[in-house]
Amino acid sequence: MATTTDPKHPSRRFSKETRKQLAAIGRHTVLLIWSFIVLFPLYWIVSMSLKPPREAISLPPDWVFLPTVYNYIQLAAESSYVSAFVNSLVMVVSSVILVLLIGVPAAYILSRYDVPKQRDVLVWILSSRMLPPIAVVIPFFVIFRALNLYDTRIGMVLMYITINISLVVWVMKAFFDGIPETLEEAARVDGATHFQAFLRVTLPSAKPGIISVAIISFIFAWIELLFGLVLTNNRAVTVSMQVYQFIGVRQIEWSLLAAATTVIIIPVLLFVVAVNKYLAAGLSFGVVIKE
Amino acid sequence: MNTPTQSEVRQGISVARLRALWNDYLPYWFMTPMVLMMLLVTIFPGIYDLYLSLVHYDLSSPSTMGSFAGLSNFETAFVSGDAVHSFAITIAFVAGALVLETCLGFILAALVTGVRSERMQTFYRVTFILPMAVAPVSLATIFRIMLNTEVGVIPYLIQTYTPFVAPNFLSDIPLLTVITIDTWNWTPFMFIIFYAGLSSIPDTLVEASQVDGAPLWRRYVHVIIPYMKPVLFVAILIRLIDLLRTFGLVFSLTRGGPGSATKLVSINIFETGFKFVDLGVASAIAIVYLICIVALCNVLIAVIGFEGVWD
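One numbering rule holds for all chains: residues counted from 1, following each sequence as written. Just so you know, chain letters begin at A and ligand numbers begin at 1, following the order they were written in. In keeping with the model being predicted, local features are shown solely for residues with a pLDDT of at least 70 and side-chain atom pairs are shown and tallied solely at 80 or more, while totals for entire chains, interfaces and linings include all residues. Side-chain figures throughout are based on the complete set of non-hydrogen atoms in the structure, without hydrogens or water.

Enquirer: What should I look at first to understand the UniProt feature "transmembrane region" (unreviewed entry) in chain A in this one?
Expert: All names here are of chain A. UniProt positions are given in the numbering used here, feature names are shortened, and annotations may be inferred rather than shown by experiment. Per the UniProt record, "transmembrane region" (unreviewed entry) is found at residues 21-44, 85-110, 130-150, 157-176, 209-231 and 252-275. Within residues 130-150, the helical portion is 71% and the strand portion 0%, while the C-alpha atoms at the span's ends are 24 Å from each other. Numbered from the N terminus, helices here are DSSP runs of H or I no shorter than four residues, and strands are runs of E no shorter than two. Structurally, residues 157-176 comprises 100% helix and 0% strand, and the distance from its first C-alpha atom to its last is 26 Å.

Here you go:
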């Protein structure tokens, strides 16, 4: 029996201190259970990729095993996988550079000027995210075939830009709003042109925002499956598509599949850990920043 | 000393003039690429979808290609096809996932905000957002392996350590499985936004209600949740939009099956358009879907109002 009673509230069985401790224990129990739910599938796929094929699917599982890079060597020999990986990397990185070149200047203007119908413009930009990609992709499929953009890297880069443009404009506008205009004005008084002031003063201050929005854009393009499925055939195949095809064709080679999956998850996981501070602002288009 | 030739003078003037043009109209130069891009990605697909939905555009029958179809595409999809069924599946999927992700995300965010140790808080925050980084197709691979009836670890654990018989997750309870996996994948999104919102609540507000001796649930209902309202609404709106876009995860997990048990609208459009190559009918479904989504979003934005959220 608990004997300590809270003097202020005799009806309560435990003192304030004890209750706080109990609450903390309960809190951590729930949080650790969720951590386990989150980490277990990730651990499972990575550990599977490090086991020899036969051991990978043995049940009961071998919790202790000697890791091997056998599956990764197999994977590297898979030329279709390697070329899809390189393809994705080239296309996604170029799309991120372009989307920044298009989106950041526009966000700057939306932040600094009284653009007519500003709110409507911003909602319009957001509306590009409301359109389901499947509806967008049909017109592009027809037009890409007419313009010989079907199954090209240029076509895919264009589609990746469409995924991220609203994100870049919204988040960067919020960032520019937070940078005081006075520095820029001082530079202009000293004789810098408007463009120079933007380039040398405002842009460097927005660097953290640009980096995080670039990484988030990278992730969204990197994990995209539908555009690759519809708009490519073999020359511009993406890594997601390649893994998707593995699921169908090579059902049996579980450990190779695990390695292929691990390779496309790990870089993104690292990015997410790196930008976790900015993630909320990025994902919610900057609306959470209001302090 | 050399005097500048006439052509050099002319060149100098034109460069200066170009520079002036660049600087004087900077806002226009800065906005134009974005506006063009937006026209391309919003207006163009909408109009083109509408056009395609009104003509015969069946790639397998070139004879009727491009001829006016009236509303027959809509009839094929909604009256004789299973488009209505796919809308119902989508509503069930979106509602289930949205409710689960919002509740779980909020509870986890509230619990993590209360963690005293800075280190543990960072550990939880970073761990909890990891699932978001997993591509839909990788996620599908992971769970197809883990849920497999022969080699999967989850059925094995259930059979071995619980009295229950493990169902075949992807064929016995496909929609529930898909919702659960989406919850694993996207609760982090709700978590991180609610966490940011909760951390921005001024301490004084919480302290004041603590001094009053208000019990925990009252503090949430009367102080914290009203304060968080804009953040809650925006998170729910954005998650709703993204759930309606879901394709990759469900497609690579079940391909819409078994039968059409998980055939979301986006999968239905994909199959109609790119498996049965009837882009006219696919566009008809897409147009209806587009109208529903845009209407829904506009109603929600009108109800929420962006007042105090962005300006």
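Enquirer: Sorry if this is basic, but what is going on with the interface of chain A and chain B here?
Expert: Where interface size is given, it is often the accessible area lost as the parts come together that is meant. Contacts between chain A and chain B engage 91 residues on the former and 99 residues on the latter. We define buried area as the total accessible area lost by two parts upon association, computed with a 1.4 Å probe and summed across both. Between chain A and chain B, the buried area comes to about 8900 Å², and carbon and sulfur atoms account for 81% of it. Interface area lost by chain A to chain B is led by Trp34(A), Trp124(A) and Met130(A), which between them contribute 8%. Salt-bridge detection follows one rule: a side-chain nitrogen of Lys or Arg within 4 Å of a carboxyl oxygen of Asp or Glu. At the junction of chain A and chain B, the tally comes to one salt bridge. Between Arg129(A) and Asp242(B) there is a salt bridge, and its shortest N-O distance comes to 2.9 Å. Whether two residues are in contact is decided by their heavy atoms: any pair within 4.5 Å suffices.

Enquirer: How do you make sense of the side chain of Lys51(A) when you look at a structure like this?
Expert: Of note, Lys51(A) is situated in the loop between α1 (16-49) and α2 (53-56). For Lys51(A), the contacting residues outside a window of four places in its chain are Ala56(A), Asp62(A), Phe65(A), Thr68(A), Asn71(A) and Ser255(A).

Enquirer: Hey, could you run me through the side chain of Ser47(A) in this one?
Expert: Looking at the secondary structure, you find Ser47(A) in helix α1. Two N or O atoms count as a polar contact when they lie within 3.5 Å, although within protein this holds only if one can serve as hydrogen donor and the other as acceptor, and sequence-adjacent residues are included solely when both atoms are side-chain atoms. Polar side-chain contacts of Ser47(A) include one of 3.1 Å to the backbone oxygen of Trp44(A).

Enquirer: Before we go on, may I ask you to explain a positive patch on the surface in this structure?
Expert: In this analysis, a patch consists of residues with relative accessible area above 30% that form no salt bridge, clustered at 9 Å for like charges and at 5 Å for the nonpolar side chains Val, Leu, Ile, Met, Phe, Trp and Tyr. Residue burial considers only the protein chains on display, and all accessible areas are found by Shrake-Rupley using a 1.4 Å probe. For the charge count, each Lys or Arg is scored as positive and each Asp or Glu as negative, with His and the chain ends excluded. Charge placement uses NZ in Lys and CZ in Arg. For Asp and Glu, CG and CD serve respectively. A cluster of basic side chains, namely Lys16(A), Arg19(A), Lys20(A) and Arg116(B), defines a positive patch on the protein surface. Residue position: Arg116(B) is located in the loop between α4 (83-113) and α5 (118-129). Classification of Arg116(B) by relative accessible area gives exposed; the value is 70%. Burial classes follow relative accessibility: with a 1.4 Å probe on protein chains only, a residue under 20% of its type's maximum area counts as buried, one over 50% as exposed, and anything between as partly exposed.

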